[in-house]
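The lines below spell out each chain.
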Amino acid sequence: MATEMDATEKLIQKISKILEETKTSNATHIRKLKDLSLLLFSKKSSNQSPQNSDSFQFASAFCKSLTPLFLFQRRPASAERVVKFVSVFAASTTARDGNENEGAGVAGDGFMEDFLRFLMSASLAANKSVRFRACQIISEIILRLPDDAEVSNELWDEVIESMKLRIADKVPAIRTFAVRALSRFANDTENSDILDLFLEVLALEQNAEVRKTIVLALPPSNATSPTIIDCTLDMSESVRKAAFCVLANKFPLQSLSIKLRTVILQRGLADRSAAVAKVCLKLMRDEWLSKCCNDDPIELLKYLDVETYEVVGESVMEALLRDGLIKLHGDQSIRQYILSTFGEDGEEPENCPASIQLMEPEFALYWKTVLSFLQSSSNAKGSDAASTMGAEAAVYAAEASDNNDLLERILPATVSDYVVLVRAHIDAGPNYRFASRQLLLLGAMLDFSDSTSRKVASAFVQDLLHRPLDHEVDDEGNRVIIGDGINLGGDREWAGAVSSLAKKVHAAAGEFEKVFLAVVEELATPCRERTADFMQWMHSLAVTGLLLENAKSFYWLQGKAIEPIELLQSLLLPGAKHAHLDVQRVAIRCLGLFGLLEKKPSEELLKQLRLSFAKGPAPVSIMACKALIDLVMWHGPQEVDRVIGLDHSSKFQGDKMTIDLVDFSKADENLNVELLDLLYAGFDRNNWGDVETEENETVQAALGEGFAKILLLSENYPSIPAALHPLHLAKLIKLYFSNETKDLQRWTKHLSKAFILVMRSMWPGIYGNAGGSAVVVSNMRKRAVQASRFMLQMMQAPLYPKPTENGVEICSTQPTEIVDGSLQPSFECSDEGLGIRIAAEVASFTTKKTLAERSYVSALCRILDLLHFRVSEQGVIKLMRKVLNRVAETVSTEKDLVKELKQMAERLKSVDKQPEEELLEDQAKLIMGKLGVNINLDVDSPAAMPQTPAPPQSTRPSRTRRQARHEDSSDEEDSPTTVVQTAPRTIGSRSQRASKTAALTKMTTNVAVRIVEVDDEEGEGSEMTSEEDSDDSIHYAE
C-alpha cells in the first residue's frame, strides 16, 4: 500500500511539474504533450494491473495536480495556458494513430471518461470558481475533439445534461462556457432540445456576452434565421456584430428570402455603430457580391427586388460606391440605350426616331445612384478646392473635374436624347414605370441653361402634367383610377419626380408657379364650365395639389393665369362639394394645402373643411381631419377660430375645464364650437358612414395622430388650456386600449371558419367568380392575399383574460388554457384548425388545374407556412403531417411549393413528441369532425414528403388600385407556446428588461427584485471574463 501511495505521489509530482512548465509559454505545449502522453501510456505497459485501474490511477493523479487551477478566481494568462494545454491533452488521448503503444486508445478512453466525470462533479460545486473552470475545460475539450473520437453515448448524455443545468447558472461566464460546450451538439437532429433551449434562453438572457455566444452557436435553419436576424437589433454592439458574422458564414444569399435580405442590409448599413455597419458591408461585399454575384452590383440588385425595396437598393449602391467597389468602364454609359440613326452629313434624318433599348429596374436604379454619387462627389471636391489653397486645392479641383467629365460622358448627350429616352419608357407601359421614374430623377443633373434645351424640357414637363390619370374599366363598365387617386401619376414618388424635374427646368423665381398655374387654368376650364367628368376633376386637382405642395410662397401665385381667389372659388370649393367621393378627397387635400400657404386662412375654406369633417363620409372626413389638424398646428388654434368669429379673448381660457358638446346632426350649430372641441367630439362618434377607407384607416386614428402631435408640441400653443391636456391624453389612452377582448376568442373561431369562405369569394376565376383584365385580376388576387394575412394576424393576436369587477375572470364557453397570462384557445379556434381547413381545401383540387386554381392553391399554401402549431396539440400535428401528403400530391408540379411543404413537414416532425407513432383512424375522424372537414386520408401511410429542391422565385409587384389595402409587412406576434416559428420577431421586450435591470442596479445596491435567486457572489462574475472571449467565440463558431 505504501509503495502504491509513493508511486502515486511521484506521478502527481511529475504531472505537476509538466503543468507548471506549460504556464510560461504556448511554445512548450507540443513537447510537454509528448511527455504527459508517455506518463499515461507507459503506465499501462509497466503495470500489470487492469487497464481501467491504470487509467483511473493516472486520472486521479492528474485531477489532484490540476486542483489548484480550480481555485483561481481570476483569469491570468498563465492559467489560460494551462487550461488550453489540459484540453488539448484530453482531446488527444482519444485519437492515437498507428500501432505505437498498442492499447493506448483504450487507456485514453478510460482517462477521458474519468476526467470528464471529475469535471461534471466539479461543475456542481458551490464555489463559482470551481464551476467556472469545470465548464471552461469541458467546453474546450468538446470543441477540440476530432470528429472520429470514440466516446460512449451515455457519457455524452451525462455531459449534455450537466451543461444544460449550467446554462441557468447565475454567473454569466459559466453560462457562456456551458453554451459553448453545447454548441457542437446543436446541429444534431437527435438533440433538437438543445436548439429549443438556446432559442428559449436567448429571448430572456440579459448578459450581452452570453447572448453573443448563443447567436454564434445557432445552426443555419429556417427556425433559427428569424431569431438571428432579430439579434441585428440587439442593444449590444457585440451581439449585433455576431449576428451579422453568423449570417455571413452560415447563410448563403440564395437561402434567404427577398424580405430577409433587405431587412439584413437595411438594419446593418444604417446601424448606429460604425463597427457593425462595417461588418454588414463585409458580409455584402465578400459573401454576397463576390461569391454569389461575381462582383456584379446589378446581379446583387436583382436579388433585392429594387422595385419593392427601393430604399434598400439605394443604400446598397451608396455603400458600394463609398467603398470603391463599383468600377465604371469606358464603354458603360446611358447613351448605349439610345441608338440613333444618322445620315452621312451627321444630321439625324427627319421622321427617323432614335431606337431605344429599354432599361430593367436594376439598371435604372444603378445609373441613378451612380450619377447622384458622382454629382455629390464633384460638388464636395469643388467646395474643398475653393476652401483650400496651393497644391491641395489643385488636387481637389482635378478630382472634381474628373467626376464632372465622367458625369457628362454617362448622361445623354443632349436634352432631346434624354426626353426621347424617358418618353420611350413611359410609353412602354406599367412594367417600365419604375425605370421611368428613376430616369425622371436624372433630370436634376442635366444643364438647362441653353434656351433650346430648356424649351425642349419645358415641353416635356407640359406633356407630363397634361398626361391623364391611368385607369381601368371593371366588369360593370365603370372607370377605376389606378393608384392612390390623390397624387399626379397615382403615387407620391412619381409626383415628386415630376416636380423635381419641373423645378430644375423652371428654376427662375416664380417661373415654376407660372407654368403650373397655366396648366391648371387649362385643365380647370371644363370643371369651371361644369362639363368635366370625375377623372378630369381629379386630374386638375392632382396638378393643383402638386403646385400648392411645392410653391415657395403665396406671393408667387398672384398675378398668374388664374388668381388664387379664383382658384379657390372656381375649383377647390366646388370640388369639395362634388358628388364623387374621390373628387371630394382630392379637393379637401388641396384646401388644406391652400390654407397652409395663406397668411391667414380664409373663412370659406375653414367652414368647408369643418362641414366636410362633420357631414362627409369616412374617407372625406379623414382628409378634412388631417387638413384641419395641419391648419391648427401651422396657424394656431386661436387664429383658426378667430377667422370664423370665435374670439378666445372673450372668455378666460385658463378656466376651461371641459369640452363643449357637439351634435353632428346639426351642422349649422357646430360653427359656434371651437375647432379643437369639434375634433375632440369625433372620438366618440361611431357612424362615419359605410364607405370603406384605404388601409382600414379610421377617423379616430387620424384624430389620435393629430392630438398626439398637439400634445407633444403643446408649449407652442399657449392658447390651449393646460387643464384640457389630461382630457386629450386620456382619450388617446382609451383609444389605444379600446378593443375589447372578452369576445376575441369567439371572433377567432369565426375567423377560422370563415377564412376559406372569404378566400373563395374574393379570388377571381374560381367558384364562378368573375375575372377581368390582367391588371384587374392581379389587383383582386392581391386584395385577397392581404385579406387572408389580415385575418391570420387577427387570429394570432394573443388573448388575455379580462377580469370582472369582483376580480373573477370572464370564462368562455370554449375550452382554453392560460399560459404566461394569455389565453390559449382550442385547436378549432387557432392556427391548428385553420391549417387543417386550408389543407382540406387544397387537397380538394386535382393535379390538373386552371391558372386561377393554381394561383389560389399557391396562395393557400403560402398561408400554411405562416401557421404556428403548439406542442400540446399532438393529435392535430400528426393529422397535419398526414394531410400534407395529399397537399403535396395536389401541387406536385409546383416545385417551390413542394419544397416549402417539405420544410413545414420537417418542422412538424420536430415538434411531434412521438414521430414514429401512427395516428389512429378514430382520432383523425374525431378531429376532422370537430372542424367540419372531410378528407379522404389513408392514416396508415407514412408521413413523407417528395424531394424537390428548387430556389424561390421573386415576383415584381404591380401597381395597386387606390381602394386596395397595402400589404402589412409587420410580423405577427408569436404565442409563448409556439415552437414552429417562421416570421421574424422583435426583441424589444428583452432589451427593455435589460435596460431596466441596468438602471435599477445603478440606483440601488441593497434591494433588487429578481426572478431567480441571486447571491452576493454574482457581482464578481466579471472576474471570470477576459478580452480573449470575444475572439475565441468567433473562432469556435466557425
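Predicted model, so just to flag it, every value in this text is computed and none were measured.

Thoughts on the environment of asparagine 934
Inspection of the secondary structure assignment puts asparagine 934 in the loop between α40 (921-931) and α41 (988-1003). A relative accessible area of 75% means that asparagine 934 is categorised as exposed. Measuring from C-alpha to C-alpha, the distance between asparagine 934 and alanine 840 comes to 7.3 Å, with 94 residues separating the pair along the chain.

Regarding the confidence of the model for the protein chain
Close inspection of predicted coordinates is inappropriate in any region flagged by low pLDDT. Considering every residue of the protein chain, the mean pLDDT works out to 78; 77% of them sit at 70 or more. A low-confidence stretch, residues 739-747 (pLDDT under 50), is modelled with 14 contacts involving residues beyond four sequence positions or located in other chains. Per-residue pLDDT stays below 50 along residues 948-997; that stretch engages in 127 contacts with residues further than four places along the chain or on separate chains.

Re the packing of aromatic side chains
Taken as a whole and assessed by the stated rule, the structure comprises 15 aromatic pairs. Seen from their ring centres, phenylalanine 62 and phenylalanine 115 are 5.3 Å apart, and the 85 degrees between their planes marks the pair as edge-to-face. Taken together, the residues span a long stretch of sequence, with phenylalanine 62 in helix α3 (residues 51-70) and phenylalanine 115 in helix α5 (residues 104-122) at a distance of 53 residues. With a relative accessible area of 0%, phenylalanine 115 lands in the buried category. Judged by centre distance (5.1 Å) and plane angle (75 degrees), the rings of tyrosine 366 and tryptophan 367 are edge-to-face.

Focus: the pattern of salt bridges
For the structure shown, the criterion picks out 42 salt bridges. Where aspartate 286 meets lysine 282, a salt bridge forms, and the shortest distance between an N and an O atom there is 3.5 Å. With aspartate 286 and lysine 282 both in helix α14 (residues 274-292) and four residues apart, the pair spans about one turn of that helix. Here the salt bridges do not stand alone but share partners, grouping Lys282, Arg285, Asp286 and Asp323 into one network.

Overview of the packing of helix α8 (residues 172-183) against helix α10 (residues 208-217)
Relative to each other, α8 and α10 sit at 5 degrees, their axes nearing to 9 Å. Judged by the angle between their axes, α8 and α10 are roughly parallel. Judged by residue contacts, Pro172, Arg175, Thr176, Val179, Arg180 and Ser183 of α8 engage Glu209, Val210, Thr213, Ile214 and Ala217 from α10. When grouped by side-chain class, the residues that make up the contact of α8 with α10 number five nonpolar, three polar and three charged.

Here we look at α14
If you check α14, its first and last C-alpha atoms are 25 Å apart, about what 19 residues at 1.5 Å a residue would give, namely 27 Å. Those residues of α14 that sit buried are Val276, Ala277, Val279, Cys280, Leu281, Leu283, Met284, Glu287, Trp288 and Leu289. On its buried face, α14 is in contact with α12 (237-250), α13 (258-269), α15 (297-302) and α16 (310-322). Immediately downstream of α14, the backbone of asparagine 294 shows phi near 55 degrees, a positive value.

Cut-offs and rules
- Residues numbered from 1 in each chain as written.
- Predicted model: local features only at pLDDT ≥ 70, side-chain atom pairs only at ≥ 80, totals over all residues.
- Heavy atoms only, no water.
- Helix = DSSP H or I, 4+ residues; strand = E, 2+ residues; numbered from the N terminus.
- Buried < 20%, exposed > 50% of the residue type's maximum accessible area, 1.4 Å probe, protein only.
- pLDDT = per-residue confidence, 0-100.
- Contact = heavy atoms within 4.5 Å.
- Phe/Tyr/Trp six-rings, centres within 6.5 Å; stacked < 30°, edge-to-face > 60°.
- Salt bridge = Lys/Arg side-chain N within 4 Å of Asp/Glu carboxyl O.
- Axes fitted to C-alpha atoms, helices over the stretch in contact; angles between N-to-C directions.
- Parallel < 35°, antiparallel > 145°, perpendicular 65-115°, else oblique.
- Nonpolar A, V, L, I, M, F, W, Y, C, P; charged D, E, K, R; others polar.
- Expected span 1.5 Å × (residues − 1).

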